[in-house]
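# A closer look at the structure
Each chain is listed here by its residues.
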Number of protein chains: 2
Amino acid sequence: MTENGAPVFDAAFRAQLLELFRWRRDVRHFRPDPVPPALIEALLETAALAPSVGLSEPWRFVLVDEPAMRMAVRDSFARCNADALAAQPAERAAVYARLKLAGLDDAPCHLAVFADSTTTQGGNLGCATMPEMAAYSVVMAVSTLWLAARASGLGVGWVSILDAAVVKAALDVPVGWQLIGYFCIGYPAAESDRPELARLGWEQPRGAGMVVLCR
Amino acid sequence: MTENGAPVFDAAFRAQLLELFRWRRDVRHFRPDPVPPALIEALLETAALAPSVGLSEPWRFVLVDEPAMRMAVRDSFARCNADALAAQPAERAAVYARLKLAGLDDAPCHLAVFADSTTTQGGNLGCATMPEMAAYSVVMAVSTLWLAARASGLGVGWVSILDAAVVKAALDVPVGWQLIGYFCIGYPAAESDRPELARLGWEQPRGAGMVVLCR
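Within any chain, residue numbers begin from 1 and follow the written order of that chain's sequence. Chain labels run from A onward and ligand labels from 1 onward, assigned in the order the entries are written. With the structure being a predicted model, the display of local features is reserved for residues of pLDDT at least 70 and the display and counting of side-chain atom pairs for 80 or more, all residues being used for whole-chain, interface and lining totals.

## Here we look at the interface of chain A and chain B
In plain terms, the rule: With C-beta atoms placed from the backbone, a contact is any residue pair whose C-beta atoms sit within 7 Å. Only DSSP runs of H or I with at least four residues qualify as helices, and only runs of E with at least two residues qualify as strands; both kinds are numbered from the N terminus onward. By the convention adopted, Pro, Cys, Tyr, Trp, Phe, Met, Ile, Leu, Val and Ala count as nonpolar, Lys, Arg, Asp and Glu as charged, and the other residues, Gly among them, as polar. For two strands to be treated as a pair, DSSP must find at least two bridges joining them.
Taken together, the contact between chain A and chain B spans 79 residues of the former and 79 residues of the latter. Listed by contribution, the elements that provide at least two residues to the side of chain A that touches chain B are α1 (11–22), α2 (37–47), β1 (59–63), α3 (67–86), α5 (133–151), α6 (164–171), α7 (196–199) and β5 (212–214) of chain A. The biggest single contributor to the side of chain A that touches chain B is α1(A), with 9 residues. Split by residue class, the side of chain A that touches chain B holds 49 nonpolar, 14 polar and 16 charged. As judged from the 3 bridges shared by β5(A) and strand β1 (residues 59–63) of chain B, these two strands associate in the parallel manner. By the bridge assignment, Val212(A) is partnered in β1(B) with Phe61(B).

In C-alpha cells form, the structure reads like this:
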C-alpha cells in the first residue's frame, strides 16, 4: 500500500488477473445449485464500481424469479433462435443447430440489465456527442460483474438472441429503459480456457495481432 | 489448480480484485513518463481476451502517435467541450468549467478504439436481434484493457466529448468502423479511490442499492 492508501498490484496478482480473463467464458451449461442471494447482491454492488459517463451510473438490474416472466423470455429466445437458424447459410446451419446458445433452462439466476436513458444523474456530461455512452457504461458494469462472478466460481452467459421489446414488456420495466442484455448466472457445469463456440467449430479466436493500426 | 488446469481464485485474490475495481479511475492527469511499447502491446493482447458476440472479435485498435492526428482530435474535443459548456444550465456551468475532462495534452499514449461493423467473423451470431452487440463486445475489450492497465500501474481516461466523424476522418480508418472511444493512457499523476467528478462536486456515486428490481 502507498502513502494515500492506494493498493500496489504486483506481478503475482497480474498473473492471476490474466488467468481470470483467460478462463472467464460465456457459460451456457449450469449446475442446478442455487446461488446465495448475498453473493448476487455483492456482485451487483461490485458492478456499480464500473466507470460511467459523467458518473451517471445508468445501470438498472432486474432479478427475474417469476416463472411466467422467465417463460416469456425463454419463448422469445426460442423464436429468435429459430429465425436465426433459418437464416443461416447452408454450410453453417448444421453447426449452428448444434450450438447451445443459452442456459435459460438450467441457470438458477436470471438477470436482465438495462440502461436508463432518462436519468438526470451525471447532467448528460459526455453524452451530448455520443449518446451511446450510457449503454456503454452499463456494458462496463456487466464486464465488472462478469469478472467478479468468475472469481467467485460463478459462470455468466449473455443472451442477446431475444426481442428486446418482448423482454421489456414481460418484465414491465419503465419505457425509458433500454435492454442491454439478459444474463444467466450459476455455477458452471465445466470450466475451460477455450470458448465453447471455438470448441464446437463455429469460430476461432484470432487475438489482437491483426487488429492494431499504428498512426 | 483443478484437474483440467482451471485456476482456483481464493478470497485473497477476490479482495485484491475488488481493490482494483475500487481504484480503477478515469484518469485525466498524467505524468509525462513514456509507456513501454511492449506493455501497450501486451495490454491489447489482453483486451482481445474479452468476450465477443459470436466470437466475432470486432475490436479494432489504432495507436495514434502522429502529431497532426493528435491535434485534430484535440481540436475536436475543444470544440465539442466548448459547445457542452455553453449548453450547461446556469447552476452547473461554473462546475463544468472547472472540470478537466481529458488528458489529451499530457498522456503519452493515445488509443482510438473502433467496432468493425463489416466483419464476417462470427457469422453474425447473436447480432440479428441486437446489432449493437458488436459495439458492446468492443466495450468489453475496453473494460478488460482498463483493468489490466490499472494493475500495471497505468491510468486510462475515456474521451467521449468528440465528433466521431472528425476523429474517423483524421485517423483515416475504414468507413465501416464505428468509433467506440478515444483513450488517453499513461502513468497517473495521482491515485484515488474516489472519481474525480465526485471530488470536484459534479456528481456523487450512489452504488447499486437504488437500481435493483426483483421480479
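## Some words on α6(A)
All names here are of chain A. So the rule is basically this: Between the buried cut of 20 or more and the exposed cut of 12 or fewer other C-beta atoms within 10 Å of a residue's own C-beta lies the partly exposed class, and all C-beta atoms are placed from the backbone. Here the arc refers to the directions that run from the helix axis out to each C-beta atom.
Along α6, the residues that are buried comprise Val167, Ala170 and Leu171. Axial view of α6: buried residues confined to an arc of 90°, hence all on one face. Exposed residues lying more than 90 degrees from the buried face of α6 are Ala165 and Ala169. If you follow the buried residues of α6, they end up packed against β1, α3, β2 (109–116) and β4 (177–186).

## What about the pairing of strand β2 (residues 109–116) of chain B?
Residues and elements named next belong to chain B. By the criterion of burial, β2 is predominantly enclosed, with 8 of the 8 residues buried. Here β2 shows no split at all, with Cys109, Leu111, Val113 and Ala115 on one side and His110, Ala112, Phe114 and Asp116 on the other all buried. Pairing of β1 with β2, which is carried by 5 bridges, proceeds in the antiparallel orientation. Along β2, the bridge assignment pairs Arg60 with Phe114. Pairing between β2 and strand β4 (residues 177–186): 8 bridges, direction antiparallel. From the neighbouring strand, Ala112 faces β4, where its bridge partner is Tyr182.

## What to know about helix α3 (residues 67–86) of chain B
All names here are of chain B. As a reminder, the rule being used: Each helix should span, by expectation, one fewer than its residue count multiplied by 1.5 Å.
The terminal C-alpha atoms of α3, which comprises 20 residues, lie 28 Å apart, in line with the 28 Å expected from a rise of 1.5 Å per residue. Of all the positions in α3, only Val73, Ser76, Phe77, Cys80 and Asn81 are classed as buried. Each buried residue of α3 sits inside an arc of 130° when the element is viewed along its axis, so together they form one side. Exposed residues lying more than 90 degrees from the buried face of α3 are Pro67, Ala68, Met71, Ala82 and Ala86. Looking at the buried residues of α3, the elements they touch are β3 (155–159), α6 (164–171) and β4.

## Comments concerning unusual backbone geometry
Phi at Leu55(A) is positive, roughly 60°, even though this residue is not glycine. Within the element layout of this structure, Leu55(A) appears in the loop between α2 and β1. Judged by local crowding, Leu55(A) falls into the buried class, with 22 C-beta atoms found within 10 Å. A positive phi is found at Glu57(B), a non-glycine position, where the angle reads about 40°.

## What to know about the relation of the copies chain A and chain B
Applying a rotation about an axis and a shift along it to one chain copy brings it onto the other copy. This is how it is decided: Superposition of the copies used a least-squares fit over C-alpha atoms from residues whose pLDDT is at least 70 in both.
Overlay of chain A on chain B (RMSD 0.0 Å): rotation 180°, translation along the axis 0.0 Å. With respect to symmetry, the two chain copies, as superposed, fit the operation of a two-fold axis. Both copies present the same face, since 100% of the interface residues in chain A are matched by interface residues at the equivalent positions in chain B.

## Side note on the packing of α5(A) against helix α1 (residues 11–22) of chain B
The line we're drawing: Axis definition: a line fit to C-alpha positions, over the contact stretch in the case of helices; interaxial angles, taken between N-to-C directions, run 0 to 180 degrees. Put simply, angles under 35 degrees are roughly parallel, angles over 145 are roughly antiparallel, angles from 65 to 115 are roughly perpendicular, and the rest are oblique.
α1(B) packs onto α5(A) with a crossing angle of 170° between their chain directions and a minimal axis gap of 10 Å. Taken together, the axes of α5(A) and α1(B) are roughly antiparallel relative to one another. Across the interface between the two elements, Thr144(A), Ala148(A) and Ala151(A) from α5(A) touch Phe13(B), Arg14(B), Leu17(B) and Phe21(B) from α1(B). Class assignment for the residues of the contact of α5(A) with α1(B) results in 5 nonpolar, 1 polar and 1 charged.

## Digging into the environment of Cys214(B)
Along the chain, Cys214(B) falls in strand β5 (residues 212–214). A sequence separation of 21 residues divides Cys214(B) from Asp193(B), and the C-alpha atoms of the two residues are 30 Å apart. Once residues lying within four places of it in the same chain are set aside, the contact partners of Cys214(B) are Leu63(A) and Asp65(A).

## Side note on the sheet that holds β5(A)
Adjacent strands of a sheet form backbone hydrogen bonds with each other and so pair up, either parallel or antiparallel. Spatial ordering of the open sheet is given by β5(A)-β1(B)-β2(B)-β4(B)-β3(B), a layout of 5 strands whose pairing is mixed. Edge strands, defined here as strands with exactly one partner in the open sheet, are β5 of chain A together with β3 of chain B. Sheet twist, expressed as the mean angle between neighbouring strand axes with direction ignored, is 25°. Strands in contact with helix α5 (residues 133–151) of chain B are β1, β2, β3 and β4 of chain B; relative to β4(B), the strand with the most contacts, it is inclined by about 10°.

## Details of the packing of α3(B) against α6(B)
All names here are of chain B. Taken N-terminus to C-terminus, the directions of α3 and α6 make an angle of 175°; their axes are 9 Å apart at the nearest point. With respect to α6, the element α3 is oriented roughly antiparallel. In this structure, α3 uses Met69, Ala72, Val73 and Ser76 to contact α6, whose residues at the interface are Val166, Val167, Ala170 and Leu171. Taken together, the residues that form the contact of α3 with α6 break down as 7 nonpolar, 1 polar and no charged.

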